[in-house]
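# Coordinates in review
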Amino acid sequence: MRGLRPDWLSDPKVWRTEILAGLVVGLALIPEAISFSIIAGVDPAIGLFASFTMAVTISVVGGRRAMISAATGAVALVIAPLNREHGFGYLVAAVILAGVFQVVLGALGVARLMRFVPRSVMVGFVNALAILVFMAQVPEMHDVPWPVYPLIVGGLALMVFFPKVTEVVPAPLVSIVVLTTITVAAGIAVPTVGDKGELPSSLPVPGLPDVPFTLHTLTTVAPYALGMALVGLMESLMTAKLVDEITDTHSSKTRESVGQGIANIVTGFFGGMGGCAMIGQTMINVRVSGARTRLSTFLAGAFLLVLCVVFGPVVSDIPMAALVAVMVMVCFATFDWHSVAPKTLRRMPAGEIAVMVITVVCVVATHNLAVGVVVGTITAMVVFARRVAHFTGVTSATAPDGGSVVHSVTGELFFASSNDLVTQFDYAGDPDRVVIDLSAAHIWDASTVAALDAITTKYEQRGKTVEIVGLNRPSAEIHERLSGELTAGG
């Protein structure tokens, strides 16, 4: 039984780290949740409640420990048109249906698709995230009172140098407390958390969405729900994979997929706007604060609600400059600086660099991490196909008596390489007996079988015989099954 106990129950150091990390993340969630509520066109309390229910629920049912899920901008962008055109009740219904979709997709094993995301896309995803998080802070530094700038610099300095003194208390928490104390004590007029919107003063109450339960409602919300489900899953699984690498641990992506769905269903029934994993806050929790257990995730949601409902007036006085400084530090910690170092770029294949750049550009241009991942992955597949296709070749050896020729084919034969294979034979000049040796090749698809059929036909039209030899077992099976069956006359 002792081995089943969470680390934080038996280790005071872990217990302290997790609690303080949860407090820092809870503070950082407040302005983000309010901002995303504005994007979705709902009351700030809706985003704050969603962040509370998402974090608390996913801490129990999620597959990736220490990852933070809450209301996010990507989800807000997807469902904002539904709220604008049909009303808040339809938004809540879409959140619940999106959760159902995520549970189904998770159970069907959609998480296994993550293995097709190459490292260059992952690096581009991380770098684009850092850029987006920084861009989100720029409005907080534009057209503001001049004291904002020294406060941000001071906050950054505290987070850089305070860990050299002690790491008992997270530097971001120290920065927030110190800057808040200075602004309040000195009466410095700068934008605060309270300026973002009114914090809730009561707990969320569960209930059903205020919509007619008809087929028309279902067809109205389903497209938005599916879009939210896919975007949410992609961001959450990418974030989970990133945390796996940072912590050098493994997590269940299937459980995380299902957990995201359950969290959205719960959030919908509590009238929240839904969400998914938050990469910025997750980096604060894992990389900056050093959290590693579910306790920090749970406490991030719990502290968020307590801070809003109980300590609303105090939280409202926190200067936005303090939170901007925290997020800027997160950007620098998240960005993979090694990936853009001249030494790395000189050694990296051009195709991989192109994939990384395309991923970053797509994400930054669309402000949608899912779009960048999809486009980057497709680009990587095209680059890979082109690269592998170039390794295919044909070498020929004619018998001493000139009566036969052996064409030895090497490489991986699939649609990108086999299309050029047809042009690499001398149909008119070859002897009457032609042997095509595939001992050093592998047939992957129907396109290759069709190409071999075309080669055989071209020789036979000239009265020559063709023998295909050296097929390994998988290649022989697909060739035997499909040869002669891929044309109208077959």
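Refer to the structure above for everything that follows.
My aim in this report is to walk through the structure given alongside it, one point at a time. As a convention, each chain's residues are numbered from 1 in the sequence order in which they are written. It should be noted that, the model being predicted, local features are given only for residues of pLDDT at least 70 and side-chain atom pairs only at 80 or more, the latter also being counted only at that level, while totals for whole chains, interfaces and linings use all residues. Water and hydrogen atoms play no part in the side-chain values, which are based on all heavy atoms of the structure.

## Quick notes on the overall build of the chain
In terms of helices and strands, the chain carries 20 helices and 6 strands. Each of the three principal axes of the chain carries a C-alpha extent, and together these read 100 × 60 × 55 Å. Evaluated residue by residue, the chain yields a buried proportion of 51% over its 490 residues. We call two residues in contact whenever any of their non-hydrogen atoms come within 4.5 Å of each other. A fraction of 84% describes how many contacts in the chain between residues 6 or more apart in sequence connect residues 24 or more apart. By element, 65% of the accessible surface of the chain is carried by carbon and sulfur atoms, the whole surface being about 22300 Å². Runs of E in the DSSP output that reach at least two residues are strands. Runs of H or I that reach at least four are helices, and both are numbered from the N terminus. Each residue's exposure class comes from its accessible area (1.4 Å probe, protein chains only) as a fraction of the maximum for that residue type: buried when under 20%, exposed when over 50%, partly exposed otherwise. Per-residue accessibility takes into account occlusion by the displayed protein chains alone, with areas from the Shrake-Rupley method and a 1.4 Å probe.

## What about helix H17 (residues 369–389)?
Expected helix span is computed as 1.5 Å times (number of residues minus one). Taking 1.5 Å per residue as the helical rise, H17 with its 21 residues ought to reach 30 Å, and the 30 Å between its terminal C-alpha atoms agrees with that figure. Among the residues making up H17, those that are buried are Leu369, Ala370, Gly372, Val373, Gly376, Thr377, Thr379, Ala380, Ala385, Val388 and Ala389. In this structure, the buried residues of H17 make contact with helix H6 (119–137), helix H9 (215–247), helix H11 (279–288), helix H16 (350–366), strand E4 (404–413) and helix H18 (415–421).

## Quick word on the environment of Ser316
Following the sequence through the fold, Ser316 ends up in helix H13 (residues 312–316). According to the relative accessible area criterion, Ser316 is buried, its value standing at 19%. Here the alpha-carbon distance between Ser316 and Glu245, two residues 71 residues apart in the chain, equals 36 Å. Excluding its chain neighbours within four sequence positions, the residues that come into contact with Ser316 are Thr192, Val193, Gly194 and Leu199. Any pair of N or O atoms that falls within 3.5 Å is considered a polar contact. Within protein, one atom must be able to donate a hydrogen and the other to accept it, and sequence-neighbouring residues count only if both atoms are side-chain atoms. A polar contact is formed between the side chain of Ser316 and the backbone oxygen of Gly312, at a distance of 2.8 Å.

## Some details on the side chain of Thr247
Residue position: Thr247 is located in helix H9. A polar contact of 2.7 Å, which involves the side chain of Thr247, links it to the backbone oxygen of Val243.

## Things to note about a nonpolar patch on the surface
Among the surface-exposed residues, Val306, Val310, Phe311 and Val314 lie close enough to one another that they form a single nonpolar patch of about 350 Å² accessible area. Mapped onto the secondary structure, Val306 falls in helix H12 (residues 294–309). Grouping into patches uses exposed residues only, defined as over 30% relative accessible area, and leaves out salt-bridged ones; the cut-off is 9 Å for like charges and 5 Å for nonpolar side chains (Val, Leu, Ile, Met, Phe, Trp, Tyr). Here a salt bridge means any side-chain nitrogen of Lys or Arg lying within 4 Å of a carboxyl oxygen belonging to Asp or Glu.

## Description of the environment of Ile182
Residue placement: Ile182 occurs in helix H8 (residues 171–186). Taking the relative accessible area as the measure of exposure, Ile182 reaches 39% and is therefore partly exposed. Separated by 137 residues in sequence, Ile182 and Pro319 place their C-alpha atoms 9.8 Å apart. What Ile182 contacts, discounting residues up to four positions off in sequence, is Gly187 and Ile188.

## Notes on the packing of aromatic side chains
Each aromatic ring pair is summarised here by two numbers: the centre-to-centre distance and the angle between the ring planes. Each aromatic pair joins two rings of Phe, Tyr and Trp (for Trp, the six-membered one) with centres within 6.5 Å, and gets the label stacked for planes under 30 degrees apart, edge-to-face for over 60, and tilted for any other angle. In the structure shown here, the tally under the stated rule is 6 aromatic pairs. Measuring from centroid to centroid gives 5.9 Å for Phe332 and Trp337, while their planes differ by 20°, and the two rings are stacked. The class for Phe332 is partly exposed, based on a relative accessible area of 47%. Aromatic side chains Phe425 and Tyr427 sit 6.3 Å apart centroid to centroid with 45° between the ring planes, which places their arrangement in the tilted category. Judged by its relative accessible area of 8%, Phe425 falls in the buried class. Members of the aromatic cluster, each reached through a chain of ring pairs, are Phe332, Phe335 and Trp337. Remark: a charge is flagged as sitting over a ring if the NZ atom of Lys or the CZ atom of Arg is within 6 Å of the ring centre and within 35 degrees of the ring normal. If you follow Lys458 out to its NZ or CZ, it ends over the ring of Tyr427, 5.8 Å from the centre.

## Overview of the packing of helix H2 (residues 12–40) against helix H3 (residues 44–61)
Axis angle and axis distance: for two packed helices, these are the angle between their axes and the distance between the axes, and together they describe the pair. Only the contacting stretch of a helix is used when fitting its axis, a line to C-alpha atoms as for every element, and angles between N-to-C directions run 0 to 180 degrees. Interhelical geometry of H2 versus H3 gives an angle of 125° and a closest axis separation of 7 Å. One finds that H2 runs oblique with respect to H3. The two elements H2 and H3 cross, and the hand of that crossing is right-handed. Only Pro44, Ile46, Gly47, Leu48 and Ser51 of H3 make contact with H2, whose side of the interface consists of Ile30, Ala33, Ile34 and Ser37. Ten residue types, Ala, Val, Leu, Ile, Met, Phe, Trp, Tyr, Cys and Pro, are classed as nonpolar, four, Asp, Glu, Lys and Arg, as charged, and the remainder, Gly among them, as polar. Residues that form the contact of H2 with H3 fall into these classes: 6 nonpolar, 3 polar and no charged. Just so you know how the angles are binned, under 35 degrees is roughly parallel, over 145 roughly antiparallel, 65 to 115 roughly perpendicular, and the rest oblique. Handedness of a crossing follows from how the near helix is turned relative to the far one, being left-handed for an anticlockwise turn of less than a right angle and right-handed for a clockwise one.

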